[in-house]
Each structure stands twice: as C-alpha cells, then as structure tokens.
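Overview (structure and organization)
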Amino acid sequence: MNKIENISEYLLNYQIKPSMQRLAIMEYLLANRIHPTAEDVYHALYSKIPTLSKTTVYNTLNLFVAQGALRMLVIDEKNVRFDIDTSLHAHFKCQQCMRVYDLPVENMDMVKVADETVGQITEMQLYYKGYCKHCLQGQKGKIN
C-alpha cells in the first residue's frame, strides 16, 4: 500500500473535493486499518463531529469507493466493510472474533479469467474464512 502523506491531495487525485467530513473520514480510515463498517466510522467520529450524520458517512464511503480511493468488502452477510488498501490482496475473516485481516497473496495477478467470456473485469475479491491464530490459541482445540 502506498503511504498517504497528504489526505487532501490524495482525495484530489481521485477527483474528490476535500471537505471537513471527508477529511475526517479518510483520516479515520488511515489511522484505523480494521476494515470498519460505516457504523464503526460514524460512531468513532460522532463525538468529534456532532453534526456528522450517518447519511454523510454512508454517502462519503460510497463516493470513495466509486472514485477508487477505497475498497468495499462484502466478506460477511450482515455488514459491508471498507478497506483503505486498494492494492491487490486477499482478506481473511475469523469466524469467532469476526476480525478481518489483510492477507497477502503471491501471484494474485496470475488468477486469470477469460475476459472474452464475460466482457471486461474491473474488480476481483478473494476472501478466506476460518479461525485466526489468536482465537485458536485461546480455545486450545475447542473450535469445531
């Protein structure tokens, strides 16, 4: 992942006009690489920005995704999560603690699909599910 030094410039590179709310949301995403939901972002920022609405958070995250500045993850059935790392990588979700981890994958670009069969591919998502090391160590074999 490229290091983002200036949030305003980063947003402008994606044709997104920086506003106070957009800068705050992007700053949160950069500081909290936990694959948050829109609700997570809203609850984290509401105390700092009491005028912030859930609609603004949802609309801003959707704008970031539409412009390519953020990735949307649909790794679980209940929540859409967001990833500031737009590089090619996979994700792993622990089925016990529900955390989502970035998972580097070697030669991810070698996964090929015949473009002529489907048209043009614009996005690829690769998800794994299981139990993280932390949960496995805590359970000592109790996970089935």
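Keep in mind it's a predicted model, so treat the numbers as computed, not measured. (Residues numbered from 1 in each chain as written. Predicted model: local features only at pLDDT ≥ 70, side-chain atom pairs only at ≥ 80, totals over all residues. Heavy atoms only, no water.)

1. Quick word on the packing of aromatic side chains
Rule in force here: Stacked, tilted and edge-to-face pairs are distinguished by plane angle, under 30 degrees for stacked and over 60 for edge-to-face with tilted covering the rest, among Phe, Tyr and Trp rings (Trp via its six-membered ring) whose centres lie within 6.5 Å. The buried label goes to any residue with under 20% of its type's maximum accessible area, the exposed label to any with over 50%, and the partly exposed label to all in between, with areas taken from a 1.4 Å probe on protein chains only.
Applying the stated criterion across every chain, the model contains three aromatic pairs. Consider the rings of Phe92 and Tyr101, whose centres lie 6.3 Å apart with planes at 40°: the pair is tilted. Its relative accessible area of 18% is what places Phe92 among the buried residues. A residue is classified by how much of its surface remains accessible, and Tyr101, at 24% relative accessible area, is partly exposed.

2. Re the pattern of salt bridges
In plain terms, the rule: When a carboxyl oxygen of Asp or Glu lies within 4 Å of a side-chain nitrogen of Lys or Arg, that pair is called a salt bridge.
Counted according to the given criterion, the structure contains four salt bridges. Salt-bridge contacts for Asp76 lead to Arg81; the nearest nitrogen and oxygen are separated by 3.5 Å. For the pair formed by Asp76 and Arg81, the shared burial category is buried. Salt bridges sharing partners connect three or more residues here, namely Asp76, Arg81 and Lys93.

3. Some remarks on the environment of Arg22
Under the convention used in this document: Put simply, DSSP H or I for four residues or longer makes a helix, DSSP E for two residues or longer makes a strand, and each gets a number counted from the N terminus. Should any heavy atoms of two residues lie within 4.5 Å, those residues are considered in contact. As used in this structure description, the phrase polar contact means that two N or O atoms lie within 3.5 Å; if the pair is within protein, one of them must be able to donate a hydrogen and the other to accept it, and residues adjacent in sequence are counted only when both atoms belong to side chains.
Locating Arg22 in the fold gives a position in helix H2 (residues 20-31). Once the C-alpha coordinates of Arg22 and Ile7 are considered, the two residues, 15 residues apart in sequence, prove to be 9.5 Å apart. Residues contacting Arg22, with those up to four places away along its chain left out, are Leu11, Ile16, Lys17, Thr60, Leu63 and Phe64. Looking at Arg22, its side chain comes within polar contact range of the main-chain oxygen of Lys17, at 2.7 Å.

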